[in-house]
Amino acid sequence: MNSPIPSSEITPKQAYLSRRDFIKAAGILAGSMALAACAPDLLNAPASDPAELTTSAKTDELGDPLNSHKDIINYNNYYEFTTDKEGVARLAQNFPTSPWDVEVSGLVKTPRKFGVEDLIKSFPPEERIYRLRCVEAWSMVIPWLGFPLSKLLNLVEPTSAAKYVRFETVFKPAEMPGLKEPWYPWPYQEGLRLDEAMHDLTFLATGLYGGELPAQSGGGIRLVVPWKYGFKSIKAIVKIELTAEQPATMWSAIAPNEYGFYANVNPAVDHPRWSQASERRIGELARRDTLPFNGYAEQVASLYEGMDLAKNY
Amino acid sequence: MKKARFTALQLLVHGAGWLPLAWLVFDFLTDNLTANPIQAIEQRSGIHAITFLLFSLACTPLASILDWKELPLRRKALGNYGFLYAAVHVATFFILDYGLNLAAIWRDVATKSFIILGAIAFLLLLPLAATSFRFWMKRLGKNWKRLHRLVYLITPLVVVHFFMAKKGDLLNLSGDIFQPFLYGGLAVALLLLRLPPIKKRLSRV
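Residues numbered from 1 in each chain as written. Chains lettered and ligands numbered in written order. Predicted model: local features only at pLDDT ≥ 70, side-chain atom pairs only at ≥ 80, totals over all residues. Heavy atoms only, no water.

Visitor: Give a description of the overall build of chain A that names residues and reports values.
Guide: Assigned secondary structure in chain A consists of nine helices and 12 strands. Looking at chain A residue by residue over its 313 residues, the buried ones come to 51%. Contacts in chain A between residues at least 24 apart in sequence constitute 69% of all its contacts with a sequence separation of at least 6. Only carbon and sulfur atoms are counted for the fraction: they give 56% of the accessible area of chain A, which is about 14,400 Å². (Helix = DSSP H or I, 4+ residues; strand = E, 2+ residues; numbered from the N terminus. Buried < 20%, exposed > 50% of the residue type's maximum accessible area, 1.4 Å probe, protein only. Contact = heavy atoms within 4.5 Å. Areas by Shrake-Rupley, 256 points an atom, 1.4 Å probe, with all protein chains shown as cover.)

Okay, structure coming up:
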């Protein structure tokens, strides 16, 4: 006899997925009860990989595997919350990333404010699997969702006077405890030359691992410039401004001898603190050699033809 | 009745000395050392090393201020724990971080003055740790004390090493400088307390 299951009996996918997570968590919970007294963090740790993480590929174009979702969302340099990379996820868990507005202004024909939801509708998200190389000599392979920055810039039409793009991170001291630190010239700001900004690799990310972009990873919307050190890829952007002059940037304001405006990944230009010749891929034990332009030289080296990259670091 | 073998302070010192190592091993076994465990071991062992060096330096002035005669007796043990964590720090750098790849180590050390400062501090610590046995104390006599004054040089080296290892700029007063500031301030205070005019005043209190 054929008895179709009424649709009300079918467990929605989201529900059974979260149930599976719950069962997994319960197992971890039981197993770690004995340890709970000395390591309460084990219990509060953000959930590991949700069962459903979709990506278009399992590796980057060089054949290196993606970093785990868990590592990506739990190891963050985001000083607006804390300088403790593992502490960002917890502090950012209630930070609202939606709705999110970005104001595009300056030397453009049509300055406008965009809602990220509308941007996602206008520019259907594509996936980019990029290496992220932090100036601190660690790196990850991350599957982002988003769209090229050039699409947004073309909408507002930069004038011929525009030579640079300046980005600014949201400034909400009540929700971002790190902003109380007096040692930093907040808000975070970054910049690109217009031709760098218009390059197809330069990306605005609104999602991660096939899902949404969590606050600790830079949600509502963030920049990803894969051939530059990670600090150029500014998070939680609220302002994009086209300028004629090279904009000031956060880290080069703090220590200009260490962090330049260009900050292209370059194993030949040393940093006083970290090796730029080698790096540790998160999840790996041995160091690996750092590639010029983080492995994107073929696509971007021409942007810097004739420039002394040791001087323009 | 037999006299207790250890004083409460002694138990405290040795308990505190091994606790961070036990904690580090526990975190290692429970995969709780961040996504970048090697760097976490380096950073944590470094902080522990400075902390115990400062504890050791604090004994003498605190003994005068608090009139606590047992404190200076625990100086050496605290210093040795400082060395233990410095050794973990250095071993992690050589073995875990660089896999004993001497060419890569040399390439990076040669271009990073903060590593050179740290290396000098560690080399200077070696003879202090090596002569911490009673045999050497007897054998060196007065020179033992002279030799161990090297800690007055080691401490500033270590503090500067820490400052430079952090992502900030001291001269600009910006960046990640709070923690090195705290440790640097304590180190300066503990060294100043040893200057003869200040020391005299302390012991009169």
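So, next bit.
Visitor: How would you explain the pattern of salt bridges if you had to name every residue and give the values?
Guide: Per the counting criterion, the structure on display carries 25 salt bridges over all chains. Between lysine 172 of chain A and glutamate 175 of chain A there is a salt bridge whose closest N-O contact spans 3.7 Å. In this structure, the salt-bridge partner of aspartate 67 of chain B is lysine 69 of chain B, at a minimum N-O distance of 3.6 Å. Since its relative accessible area comes to 67%, lysine 69 of chain B is described here as exposed. Where salt bridges share partners, they join Asp64, Arg133, Glu279, Arg281, Glu284 and Arg288 of chain A into one cluster. (Salt bridge = Lys/Arg side-chain N within 4 Å of Asp/Glu carboxyl O.)

Visitor: Account for helix 8 (residues 151-165) of chain B, with residues named and values stated.
Guide: Residue and element names in this part refer to chain B. Its 15 residues give helix 8 an end-to-end C-alpha distance of 20 Å, which sits within 8% of 21 Å, the value for a rise of 1.5 Å per residue. Of all the residues in helix 8, the buried ones are Val151, Ile154, Thr155, Leu157, Val158, Val159, His161, Phe162 and Phe163. Against helix 2 (37-66), helix 3 (75-97), helix 5 (113-130), helix 7 (142-148) and helix 9 (178-192) lie the buried residues of helix 8. (Expected span 1.5 Å × (residues − 1).)

Visitor: Residue-level account of the packing of aromatic side chains, with values.
Guide: Residue and element names in this part refer to chain A. Evaluation of the coordinates by the stated rule reveals 28 aromatic pairs over all chains. Centre to centre, the rings of phenylalanine 231 and tyrosine 259 are 5.4 Å apart; their planes meet at 80°, and the pair counts as edge-to-face. On the criterion of sequence distance, the pair formed by phenylalanine 231 in the loop between strand 9 (222-224) and strand 10 (237-243) and tyrosine 259 in the loop between helix 8 (250-254) and strand 11 (278-281) is long-range, its members being 28 residues apart. A single burial state applies to phenylalanine 231 and to tyrosine 259, both of which are buried. Taken together, a centroid distance of 5.3 Å and an interplanar angle of 55° make the contact between tryptophan 251 and tyrosine 259 tilted. (Phe/Tyr/Trp six-rings, centres within 6.5 Å; stacked < 30°, edge-to-face > 60°.)

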